[in-house]
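# Chain and residue survey
One letter stands for each residue in the lines below.
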Amino acid sequence: MQTRTVGDVQVGAIGLGGMPMSIEGRPDEQRSVATVHAALEAGVTLIDTADAYHRDSNEVGHNESLIARAVAEYGGDTSDVLIATKGGHLRPGDGSWTLNGSPEYLKKACDASLERLGVEAIGLYQFHRPDPRVPYDESVGAIRDLLDAGKIRFAGISNASPDRIRLANEILGGRLVSVQNQFSPAFRSSEPELELCAELGIAFLPWSPLGGISNAGALGSRYAAFADVARAHGVSPQQVCLAWMLAKAPVVIPIPGSSRPETIRDSVAAAELKLSAEEQARLDAA
């Protein structure tokens, strides 16, 4: 697979999002482990997780532990795998999502993630979502402290506006390596953030790039242009969608969520799909 850059490391142009393996409707762990192994076999070297990717209140970090175990059990070389996790978003266990961006909480959350992942330093640690009760510079300041302490190798932010991207990069002393925002055919309001990341050389990681767990399968029926281009190439609309994103800027690294080996294999194939300028323009306008 072609590679792209996060910080000073090269990763596969398509990553793997772990959330579907751990929240409501999740498969059995055997299938999830098989999905991670299929991703690794296909050349995926960026795996995205979070401490909030769990279902019940007594299993915080379920996905982190699952990803760590699956990578450890893989028979091949995993020294180049970058595991990215996040802190600051919580799930009480009733299906809702809450926020805690306090520096004290983020530092404790990072320590807990370190233990679950079984590493001395987290590859990429991301502030999950701004907390309106906590000044943004204080939350990002905690990420800076973790970076300075050597507990994390790289620092990123998620769900950020252009102003917050600039502010975070300033607070981190120019060491912001990634921004993870929602971006898909259905959600294109993060175009300004994508363009800013391209300008600054910061990796842009679209989450829910296929429209989310419940909508990914219907992407082609919802967006005719993606289905038409897919038929012309003999591939899935989902592949076309990811190839369309990759062509937007060399900093884009989609992280489609998956819980089946066959879906992550299909996603990875998008890295080799070349779209014409006319097709790209048609998809932009869809």
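Notes on the structure follow. (Residues numbered from 1 in each chain as written. Predicted model: local features only at pLDDT ≥ 70, side-chain atom pairs only at ≥ 80, totals over all residues. Heavy atoms only, no water.)

Here we take up the nonpolar core. One finds Val-36, Ile-47, Ile-152, Ile-157 and Ile-165 to be the most contacted residues of the largest nonpolar core, which totals 73 residues. At seven residues, helix H9 (residues 237–246) tops the list of elements feeding residues into this core. For Ile-165, the residues in contact, after removing those within four places along its chain, are Ile-157, Ala-160, Leu-176, Val-179, Glu-193, Leu-196, Cys-197, Leu-200 and Ile-202. Core analysis: the next-biggest nonpolar cluster, separate from the first, contains 13 residues, Ala-84, Phe-154, Val-177 and Ala-203 among them. (Core = buried A, V, L, I, M, F, W, Y, C linked by side-chain atoms within 4.5 Å. Buried < 20%, exposed > 50% of the residue type's maximum accessible area, 1.4 Å probe, protein only. Helix = DSSP H or I, 4+ residues; strand = E, 2+ residues; numbered from the N terminus. Contact = heavy atoms within 4.5 Å.)

Here we take up the packing of helix H8 (residues 224–233) against helix H11 (residues 277–285). Helix packing for two helices is described by the angle between their axes and how far apart those axes are. At a closest axis distance of 9 Å, the pairing of H8 and H11 adopts a crossing angle of 155°. Considering their axes alone, H8 and H11 lie roughly antiparallel with respect to each other. For the pair H8 and H11, the contacting residues are Ala-225, Phe-226, Asp-228, Val-229 and His-233 in the first and Glu-279, Arg-282 and Leu-283 in the second. Classifying every residue of the contact of H8 with H11 by side-chain character gives four nonpolar, one polar and three charged. (Axes fitted to C-alpha atoms, helices over the stretch in contact; angles between N-to-C directions. Parallel < 35°, antiparallel > 145°, perpendicular 65-115°, else oblique. Nonpolar A, V, L, I, M, F, W, Y, C, P; charged D, E, K, R; others polar.)

Attention now moves to the pattern of salt bridges. Using the criterion set out here, one finds 18 salt bridges in the structure. Across the pair Lys-86 and Asp-48 runs a salt bridge whose closest N-O atoms are separated by 2.6 Å. Here Asp-48 lies in strand S4 (residues 46–48) and Lys-86 lies in strand S5 (residues 82–87), a separation of 38 residues in the sequence. This pair shows no difference in class: Lys-86 is buried, exactly as Asp-48 is. Linking Glu-64 and Arg-116 is a salt bridge whose minimum nitrogen-to-oxygen distance equals 2.6 Å. Of this pair, Glu-64 sits in helix H2 (residues 62–73) while Arg-116 sits in helix H3 (residues 103–117), and the two are 52 residues apart along the sequence. (Salt bridge = Lys/Arg side-chain N within 4 Å of Asp/Glu carboxyl O.)

This part takes up the side chain of Arg-26. Tracing the chain through its elements places Arg-26 in the loop between strand S3 (16–17) and helix H1 (29–41). Setting aside residues up to four positions removed in sequence, Arg-26 forms contacts with Pro-20, Met-21, Arg-55, Glu-59 and His-62.

On to H11. For H11, every residue scored as buried is listed here: Glu-279, Gln-280 and Leu-283. End-on view of H11: buried residues confined to an arc of 100°, all on one side of the axis. Set apart from the buried face of H11 by more than 90 degrees, the exposed residues are Ala-277, Glu-278 and Ala-285. (Arc of directions from axis to C-beta.)

Quick look at H8 now. Turning to H8, its buried residues are Ala-225, Phe-226, Ala-227, Val-229 and Ala-230. For H8, the secondary structure elements touched by its buried residues are helix H7 (219–222), H9 and H11. Just beyond H8, the residue with positive phi is Gly-234, at close to 70°.

For Asn-159, which is not glycine, the phi dihedral falls at a positive 55°. For Asn-159, a relative accessible area of 17% translates into the label buried. In this structure, Ser-208 is a non-glycine residue whose phi angle is positive, near 50°. Residue position: Ser-208 is located in the loop between strand S11 (203–207) and H7.

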